[in-house]
Amino acid sequence: MDELLQALVEGLLIGSTYGLVALGMGLVYGVSGVVNFAHGDFILLGMYVCLALYSAFALDPYVSLIVTLPVMTLVGALVYRFLIRPIADQHLLMVVQLTLGLALVIQNGVLMLFGGQPQRTPSIVEAKLFVVGDVVLRGPQVIAAVISFALAGVLFVILRSTDIGRSIRAVHQNARAAALMGIDVGQVQTITFAMGIGIVAVAAALLSPGASIQPSDGLRYTVTTLLVIVLGGMTDFAGIMLGGLIIGCAEALGTVYLSETLGTLLPYAIFVLIMLFRPRGLSWGTG
Amino acid sequence: MLEIHDLIAGYGGVPVLRGVSLRIAKGEIVGLLGANNAGKTTLINALSGLVVPMSGQILLDGKDVTALSAKARVRRGIIQVPEGRLVFPEMSVRENLLLGGINATARPRRATEMEYVLNLFPRLRERFSQRAGTLSGGEQQMLAIARGLMAGAKLLMLDEPSLGLSPRFVQYIFEIIERLHGAGLTILLVEQNLQLTLRYAGRCYVLERGHIVIEGAADAVRSDPRTRSAYLGL
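Note that this is a predicted model, so its numbers are computed, not measured.

A. Looking closely at the overall build of chain A. Helices and strands together make up the secondary structure of chain A, namely 12 helices and 4 strands. Dimensions of chain A, computed from the C-alpha atoms along their principal axes, are close to 55 × 45 × 35 Å. Classification of the 287 residues of chain A by burial places 50% in the buried group. The contacts of chain A with a sequence gap of at least 6 include a subset with a gap of at least 24, amounting to 77%.

So this is what it looks like as structure tokens:
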């Protein structure tokens, strides 16, 4: 029983970060129809930059955000503006190809620079434990959940009540009408993609402390994120956050109750089950 | 106020407009008539900057705006109220109006403009927090026009405002158009509804397969036998 509770809570904590990352991916999909297959590799890239900054300057992953957040946001803007946008009007598969190519470039670039053996970035909060009843939580997990929920909240407020947020929703709901309002659709798409990668930079810092990473991990994050947004109904805010929590729990339960390898399959099994009964995913709304 | 010279424009290298010239004076209501596929929507999309002309010139107050982006044209007050209304369905009436006034020229005056359009369309005030997708067709048309006014329109281009509306709403919308004209707004009215357009517009152009075939005062256009044939696409 304690084991179950422990797994569920851990799953919810990590799931909030999955949800946050998927929100970024869902926003990009919503305004430009682009599914970024390098999304998880950008997480990995962020984590390796944290590692590099720790090795060079002994920076804590959370402190590294001062560097990684602006730099990766800028990289996101450049990638969209100069790589994706020029081919965005072409066949959908072209963009898929491009982002897959990007994933391989990141993966192999990281492999070249850091080698293939698993590595970890330590943090001062790593050893901090929170004990609630019979559940013991590691500091980084709690921090990740708090920041993820807070950021999701900030994102929600931005989308609802700022001009840039309304522009993003306008482009999502009707790009032609948005253009007639004088909204620069291409610019909104670039900003949204940059935001998505900025969120990834935050997620990388949240997932870094004490986690073992290797260059091939990116794909796993991409697939997890894809599971979450499909489960959440692609563009439904609450659905995606909920999807993140469900996938997080499935992963945690799988790791506790099944063997390591079999456990990683549980999220997919649950995903398939939910999609069988709710093909539209978890979203209730229409947009 | 607006002049178009020899405009050739279309999609994918195929011209839809084949040398259109047209002028609209300040404070006028100009009707643009024609059958389906005559090029009416292409023309106003070219004016909005959504269709890039292959050749020709568009002048606004004597300045060449042919190369300007859609965004820059909205800032200069060339505003399109599109066919099918295209309101943002998942957003409230309020948010739709705010988006109407999002361009840099209109943004500072958003609050005052909002009051103005809500007084013009009291129904929108009643529906203020409602999702636009749940409004009736007539209400959506009001919202689309109000949203266009929020943008600080100098030239308001209405594409088929009567399409799909009940006769009562059509009447209402045209009364509003008349009021806006009375307040000094310049209007380009693109319509299938021949009778209504001839009644409200001062001057009309008739487009047929990408060419202007008739132009002149509404009365002259009404009595011109070619109007019927162009209109019916015969």
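B. Expanded view of the overall build of chain B. Helix and strand counts for chain B stand at 10 helices and 10 strands. Compactness check: chain B gives a C-alpha radius of gyration of 17 Å against a globular reference of 17 Å for 234 residues, within 12% of the reference. Scored against the burial criterion, the 234 residues of chain B give a buried share of 45%. Of the contacts formed within chain B by residues at least 6 apart in sequence, a portion of 67% connects residues at least 24 apart.

C. Main features of the interface of chain A and chain B. Of the residues lining the interface, 16 residues belong to chain A; the matching set on chain B comes to 20 residues. For the side of chain A that touches chain B, the leading source of residues is helix α6 (residues 163-173) of chain A, giving 6 residues.

D. Spotlight on unusual backbone geometry. All names here are of chain B. Even without glycine at this site, D61 takes up a positive phi of about 50 degrees. Among the secondary structure elements, D61 is positioned in the loop between β4 (55-60) and β5 (63-64). Even without being glycine, R209 reaches a positive phi, approximately 45 degrees.

E. Spotlight on the environment of D217 of chain A. Its location among the elements puts D217 of chain A in helix α9 (residues 217-231). The spatial distance from the C-alpha of D217 of chain A to the C-alpha of V135 of chain A is 28 Å, given a sequence separation of 82 residues.

F. Spatial organisation of the sheet that holds strand β7 (residues 155-159) of chain B. Residue and element names in this part refer to chain B. As summarised here, the arrangement of the 6 strands in space is β6-β7-β8-β3-β9-β10, forming an open sheet in which the pairing is mixed. Of all the strands in the sheet, the pair left with one neighbour each is β6 (78-81) and β10 (211-217). Within this sheet the neighbouring strands show an average axis-to-axis angle of 20 degrees, counted without direction. Pairing of β7 with strand β8 (residues 186-190), which is carried by 5 bridges, proceeds in the parallel orientation. Pairing of D159 across the sheet is with V190, part of β8.

G. Spatial organisation of helix α3 (residues 93-100) of chain B. For α3 of chain B, a buried count of 7 out of 8 residues is recorded, marking the element as mostly surrounded by other parts of the structure. Among the residues of α3 of chain B, those classed as buried are V93, E95, N96, L97, L98, L99 and G100 of chain B.

H. Main features of the nonpolar core. Among the nonpolar cores identified, the biggest contains 152 residues, and M181, V200 and A203 of chain A together with A146, M157, L188 and L189 of chain B are the most heavily contacted of them. For this core, the element with the most residues is helix α8 (residues 185-207) of chain A, which contributes 15 residues. Look past the residues within four positions of A146 of chain B in its chain and what remains in contact with it is L97, V117, L120, F121 and L124 of chain B.

I. Looking closely at the pairing of strand β2 (residues 14-24) of chain B. Residues and elements named next belong to chain B. Pairing of strand β1 (residues 2-11) with β2 involves 8 bridges; the strand directions are antiparallel. Bridge assignment links Y11 to a residue of β2, and that residue is V14. Counting the residues between successive antiparallel strands, the hairpin from β1 to β2 contains 2 residues, one of them, G12, with a positive phi of roughly 55 degrees.

J. Summary view of the sheet that holds β2 of chain B. Residue and element names in this part refer to chain B. Sheet architecture is open: 4 strands sit in the order β2-β1-β4-β5, paired in antiparallel fashion. Bordering the open sheet on either side are β2 and β5, each of which pairs with just one other strand. Examined bridge by bridge, β4 and β5 share 2 bridges and lie antiparallel to one another. Across the sheet, residue L60 finds its bridge partner in β5, namely K63. Packed on one face of the sheet, helix α1 (residues 40-48) meets β1, β2 and β4 and runs near 70 degrees to β2.

K. Just α9 of chain A, in detail. Residues and elements named next belong to chain A. With 15 residues, α9 extends 21 Å between its outermost C-alpha atoms, agreeing within 8% with the 21 Å of an ideal straight helix rising 1.5 Å per residue. Regarding α9, the residues found buried are D217, G218, Y221, T222, T224, T225, L227, V228, I229 and L231. The inward-facing, buried residues of α9 abut α1 (2-32), α2 (39-57), α4 (92-114), β4 (212-213), α10 (237-257) and α12 (266-277). Count one or two residues on from α9 and you reach G233, which has phi positive near 85 degrees.

L. Region of interest: the environment of Y80 of chain A. Residues and elements named next belong to chain A. Note on placement: Y80 falls in helix α3 (residues 61-84). Through-space distance from the C-alpha of Y80 to that of T190 is 5.7 Å; in sequence the pair is 110 residues apart. Contact partners of Y80, with chain neighbours within four places excluded, come to R85, Q189, T190, F193 and A194.

Parameters at a glance
- Residues numbered from 1 in each chain as written.
- Chains lettered and ligands numbered in written order.
- Predicted model: local features only at pLDDT ≥ 70, side-chain atom pairs only at ≥ 80, totals over all residues.
- Helix = DSSP H or I, 4+ residues; strand = E, 2+ residues; numbered from the N terminus.
- Buried ≥ 20, exposed ≤ 12 C-beta atoms within 10 Å, placed from the backbone.
- Contact = placed C-beta atoms within 7 Å.
- Rg over C-alpha atoms; globule rule 2.2 N^0.38 Å.
- Pairing = 2+ DSSP bridges.
- Axes fitted to C-alpha atoms, helices over the stretch in contact; angles between N-to-C directions.
- Core = buried A, V, L, I, M, F, W, Y, C linked by C-beta atoms within 7 Å.
- Expected span 1.5 Å × (residues − 1).

Limitation: the analysis is restricted to geometry and does not speak to function.
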